Amino acid sequence: DAGVIQSPRHEVTEMGQEVTLRCKPISGHNSLFWYRQTMMRGLELLIYFNNNVPIDDSGMPEDRFSAKMPNASFSTLKIQPSEPRDSAVYFCASTWDSQNIQYFGAGTRLSVL
Amino acid sequence: SQKIEQNSEALNIQEGKTATLTCNYTNYSPAYLQWYRQDPGRGPVFLLLIRENEKEKRKERLKVTFDTTLKQSLFHITASQPADSATYLCALEDRSGYALNFGKGTSLLVTP
């Protein structure tokens, strides 16, 4: 299995631009999670889906952030408009396990100038 | 909300020694606790899970303990090797049972 696949690996954009991060979970997994990691705040949960349905988006920082999961094999996290404080590494993870053992992608390093 | 504390200072030890990392939490005791390893530029990788009714779990050179009275988990790496150098994160099940809350991690450096 290829594992969780995220794209792009690196994204550099200017303030105000729209950014779309992509994630392909492991086939057969039914839960998907988006995280943001910074030195200051560590790994923060933004939103998670179960069977393609958003369960909890209380971690999404503000309305500029949105996430979708149109099918079991694809999810996007969109930031519009982006701001410099959004600069971080964004991870996607998936699981099928009732004990919630999560499998992470390699992350997208976002820099907003 | 659950507050998870891991040593923010890096832990430096000599090869062959036992590394011990601490994870403390402040609120409810979760049904299980997990440990992950993260290397620079990569996503976290699952290592071990321990349930609330288990006091100790082992996997090769790794050992995890879980004390719900102290609200603490200890993560041990015996006979440490330079290849064990990484950041180690503890994660607790949240109240919903769907998600995990992660600590900020402790950086471990094993020197030859």
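Procedures and definitions
Residues numbered from 1 in each chain as written. Chains lettered and ligands numbered in written order. Predicted model: local features only at pLDDT ≥ 70, side-chain atom pairs only at ≥ 80, totals over all residues. Heavy atoms only, no water. Phe/Tyr/Trp six-rings, centres within 6.5 Å; stacked < 30°, edge-to-face > 60°. Helix = DSSP H or I, 4+ residues; strand = E, 2+ residues; numbered from the N terminus. Buried < 20%, exposed > 50% of the residue type's maximum accessible area, 1.4 Å probe, protein only. Contact = heavy atoms within 4.5 Å. Buried area = accessible area lost by both parts, 1.4 Å probe. Polar contact = N/O pair within 3.5 Å; in protein donor to acceptor, adjacent residues only side chain to side chain. 1 Å grid on protein atoms, 1.4 Å probe; cavity = no way out; pocket = protein on both sides within 12 Å on 5 of 7 lines; lining within 4 Å. Points joined across faces, edges and corners; volume = space filled by probe spheres on them. Nonpolar A, V, L, I, M, F, W, Y, C, P; charged D, E, K, R; others polar.

This next bit is on the packing of aromatic side chains. The geometry of an aromatic ring pair comes down to the distance between the two centres and the angle between the two planes. For the structure shown, the criterion picks out 13 aromatic pairs over all chains. Both rings, one in A:Phe91 and one in A:Phe104, keep their centres 6.2 Å apart while their planes meet at 80 degrees; by these two values the pair is edge-to-face. Separated by 13 residues along the polypeptide, A:Phe91 in strand S9 (residues 88-95) and A:Phe104 in strand S10 (residues 103-104) bring together distant segments of the chain. As far as burial versus exposure is concerned, A:Phe91 and A:Phe104 are alike and both buried. Between B:Trp35 and B:Phe75 the ring centres are 4.9 Å apart and the planes differ by 25 degrees, which places this aromatic pair in the stacked class. With B:Trp35 in strand S4 (residues 32-38) and B:Phe75 in strand S8 (residues 72-77), this residue pair connects regions lying 40 residues apart in the sequence. Overall, B:Phe75 belongs to the buried group, its relative accessible area being 0%. Members of the aromatic cluster, connected to one another through ring pairs, are A:Phe33, A:Tyr35, A:Tyr48, A:Phe91, A:Phe104, B:Tyr36, B:Phe46, B:Tyr98 and B:Phe102.

With that out of the way, let us pick up the interface of chain A and chain B. Tallying the contact residues gives 21 residues for chain A and 17 residues for chain B. When chain A packs against chain B, the two sides together hide about 1,500 Å² of surface, and 54% of this comes from carbon and sulfur. Three residues stand out in chain A for area buried against chain B, namely A:Leu43, A:Gln99 and A:Asn100, and they jointly supply 31% of the buried area on that side. Summed over the shared surface of chain A and chain B, the result is 7 residue pairs in polar contact (both at pLDDT 80 or more). Within the residue set of the side of chain A that touches chain B, elements represented by two or more residues are strand S4 (31-38) and strand S5 (42-50) of chain A.

To find the voids left in a structure, one rolls a probe of water-molecule size over its atoms. Of the volumes computed, that of the largest pocket is approximately 1,100 Å³. Around the largest pocket, the lining comprises 45 residues; the ones closest to its centre are A:Gln37, A:Thr38, A:Gly42, A:Leu43 and B:Lys104. Looking at the lining of the largest pocket, the elements with two or more residues in it are S4, S5, S9 and strand S11 (108-112) of chain A together with strand S1 (4-6), strand S9 (86-93), strand S10 (100-102) and strand S11 (106-111) of chain B. Element by element, the count of residues in the lining of the largest pocket is highest for S5(A), at 4 residues. A breakdown of the residues in the lining of the largest pocket according to their chemical character gives 15 nonpolar, 19 polar and 11 charged. The space that makes up the second largest pocket amounts to roughly 210 Å³. Along the walls of the second largest pocket sit A:Gln102, A:Tyr103, A:Phe104, A:Gly105, A:Ala106, B:Asp39, B:Arg42, B:Gly43, B:Pro44, B:Val45 and B:Phe46, which together make up its complete lining.

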